[in-house]
Structure formats: structure tokens, C-alpha cells
Amino acid sequence: YGTVILDWKAQQEYQLPDMPHAVRTYPASGGTAMLPLTPQNNWTATIVFCSGADVAANEWDPNRNWPTLATSNSCVRITPDVSQNYEEDDDVPQGRSMGNMIILPTGKILYLNGAQTGVAGYGNGSNTVGDSYADNAALQPMIYDPNASAGQRWSQDGLSPSTIARKYHSSAILLPDGMCIALRI
């Protein structure tokens, strides 16, 4: 849960408030992206965190029925050089764990891949789907517009669902020609 800023020059960490709502680190694995640095925002970093799941690392139980755990649809953002408090952001239309956030040339963010239930990781017990701790692939990509008005930041318009489940160990990259490649390892 802990969030810190590392001042690499001073080699010192500064504690920030705990991130609200869901856990967004492994195994809950929410999506994270730093918004583009622009003259309009005075080159100030803002980081957005979306989805994940409500489970802490100290709650890990390898026998829990992880694939049925609901993912969070919450999003928060922080601009640590301006305020060390998290701000509520628009909820994601479809929560997910293990999703990938890709910054597009427009400054918008493509959010794709992941699972609608469960967490990252794998095992071979009776509490897995195949060998996965996740289920219900998140096939519908979404676009997040950080500059849109509150309540209007997420869209699925014009985006077709994937036909390939990309959950644990998935990745996505934007190529120089603007094509986005989603991978499943």
C-alpha cells in the first residue's frame, strides 16, 4: 500500500499517503501511466492509476479462489510536485487486473488486455482456471482522455473487442507508425 517518492540525487525516500481504493501492485496489478509532459501542464508529471484489486500482499493465500475476485473500476491520479494527495478520477467502465496503458500520440491513453476477475500469478491447484489466478479476459479496449471533463474521460467508441485473451504476462507497445501491438507470452 505504501507510496514513496525517491529523490535519487539526495538518495532519500519521502512517504506519500496510501493510495485509496484498490491495490495496484502485484498481484493485484492495476494499470499505470504517466500523463504526457507538455507546455500546457508546465512539464509537470501526473500519474494515473486504474483498476487492480482489493487485496494486500499480506493477505496472500495460495488456496484462495483468486479467479473469482472482483477487480476494481476505480482510478486515481497524483501530481506529486504540486500536491502529495491522490485525486479521484473517473471510474473505468470495466475494471481489470494486469491491464496495459499505452500513451498515444494524441496524449490519450489506450487501456487494453488483462482480466476482469482475479489477480496475476499462476498455480496448479483446484483454485485456478487452467494454471491462472485470473479469469474472464478483458477483451474490450478503452480510451482515456486525461483532458476531458470529469465524467467524460473514458470511451469505447469505435474500438472492437479483441478475440485473444491476453492476461498474465501480456504487454502492448506503440510502434513508430502508430500501430499498437498487443502480445501474449
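Residues numbered from 1 in each chain as written. Predicted model: local features only at pLDDT ≥ 70, side-chain atom pairs only at ≥ 80, totals over all residues. Heavy atoms only, no water.

Is there a simple way to explain the pairing of strand β1 (residues 3-7) in this structure?
Taken residue by residue, a regular strand's side chains alternate between the two faces of the sheet. As paired strands, β1 and strand β2 (residues 12-16) are joined by five bridges and run antiparallel to one another. Note that in β2 the partner of Val4 across the bridge is Gln15. (Pairing = 2+ DSSP bridges. Helix = DSSP H or I, 4+ residues; strand = E, 2+ residues; numbered from the N terminus.)

What is the right way to read the packing of aromatic side chains from this model?
Any two aromatic rings considered together are summarised by their centre-to-centre distance and by the angle between their planes. If you walk through the whole model with that rule in mind, you get four aromatic pairs. Among the aromatic residues, those joined into a ring-pair cluster are Tyr111, Tyr144 and Trp154. The residue whose ring lies beneath Arg96 is Tyr111, and the NZ or CZ to ring-centre distance is 5.0 Å. (Phe/Tyr/Trp six-rings, centres within 6.5 Å; stacked < 30°, edge-to-face > 60°. Lys NZ or Arg CZ within 6 Å of the ring centre and 35° of its normal.)

Could you clarify how one ought to interpret the state of the cysteines in this entry?
Linking two cysteines covalently through their sulfur atoms gives a disulfide. The full count for this structure, using the stated rule, is one disulfide. Note that Cys50 is cross-linked by a disulfide to Cys75, the S-S spacing being 2.2 Å. Measuring the twist about the S-S bond at about 125°, one finds the Cys50-Cys75 disulfide to be right-handed. Of this pair, Cys50 sits in strand β4 (residues 47-50) while Cys75 sits in strand β5 (residues 75-78), and the two are 25 residues apart along the sequence. Exposure remark for Cys75: the relative accessible area of 0% places this residue in the buried category. (Disulfide = S-S within 2.5 Å. Buried < 20%, exposed > 50% of the residue type's maximum accessible area, 1.4 Å probe, protein only.)

Explain a nonpolar patch on the surface here, please?
A cluster of nonpolar side chains, contributed by Met34, Leu37 and Trp43, occupies part of the molecular surface with about 320 Å² of accessible area. Structurally, Met34 can be placed in strand β3 (residues 31-34). (Patch = residues over 30% accessible without salt bridge, like charges linked within 9 Å, V, L, I, M, F, W, Y side chains within 5 Å. Areas by Shrake-Rupley, 256 points an atom, 1.4 Å probe, with all protein chains shown as cover. Salt bridge = Lys/Arg side-chain N within 4 Å of Asp/Glu carboxyl O.)

Where do I start with unusual backbone geometry in this structure?
Note: most peptide bonds trans; most residues except glycine with negative phi. Look at the link from Tyr26 to Pro27: it is a cis peptide, with omega at 5°. Structurally, the position occupied by Pro27 is in the loop between β2 and β3. Unusually for a residue other than glycine, His21 sits at a positive phi of about 75°. For His21, the position within the fold is in the loop between β2 and β3. The backbone phi angle of Met98 is positive, close to 65°, even though this residue is not glycine.

Is there a simple way to think about the sheet that holds β3 in this case?
Adjacent strands of a sheet form backbone hydrogen bonds with each other and so pair up, either parallel or antiparallel. The four strands are arranged β3-β4-β5-β6 in an open sheet whose pairing can be described as antiparallel. The two strands at the open ends of the sheet, each matched to only one other strand, are β3 and β6 (87-89). Going from strand to strand, the sheet's axes swing by 25° on average, the running direction of each strand aside. (Axes fitted to C-alpha atoms, helices over the stretch in contact; angles between N-to-C directions.)

Is there a simple way to think about the sheet that holds strand β8 (residues 109-112) in this case?
Taken together, four strands build an open sheet; the order of strands is β7-β8-β11-β12 and the sheet is antiparallel. Strands at the two margins of the open sheet, each flanked by one partner only, are β7 (100-103) and β12 (154-155).

Could you clarify how one ought to interpret the pattern of salt bridges in this entry?
Two side chains of opposite charge can pair, provided their charged atoms sit close to one another. Applying the stated rule across the entire model yields two salt bridges. A salt bridge links Arg77 to Asp89, with the shortest nitrogen-to-oxygen separation between them at 2.9 Å. Separated by twelve residues along the polypeptide, Arg77 in strand β5 and Asp89 in strand β6 bring together distant segments of the chain. Using a relative accessible area of 7% as the deciding quantity, one classes Asp89 as buried. Note that Arg153 and Asp89 form a salt bridge whose closest N and O atoms lie 2.6 Å from each other. Taken as a pair, Arg153 in the loop between β11 (142-144) and β12 and Asp89 in strand β6 lie far apart in primary sequence, 64 residues in all. Just as Arg153 is buried, Asp89 falls in that class too. Counted as one network, the salt bridges with shared partners bring together Arg77, Asp89 and Arg153.

These results come straight from atomic positions and should not be treated as a statement about function.
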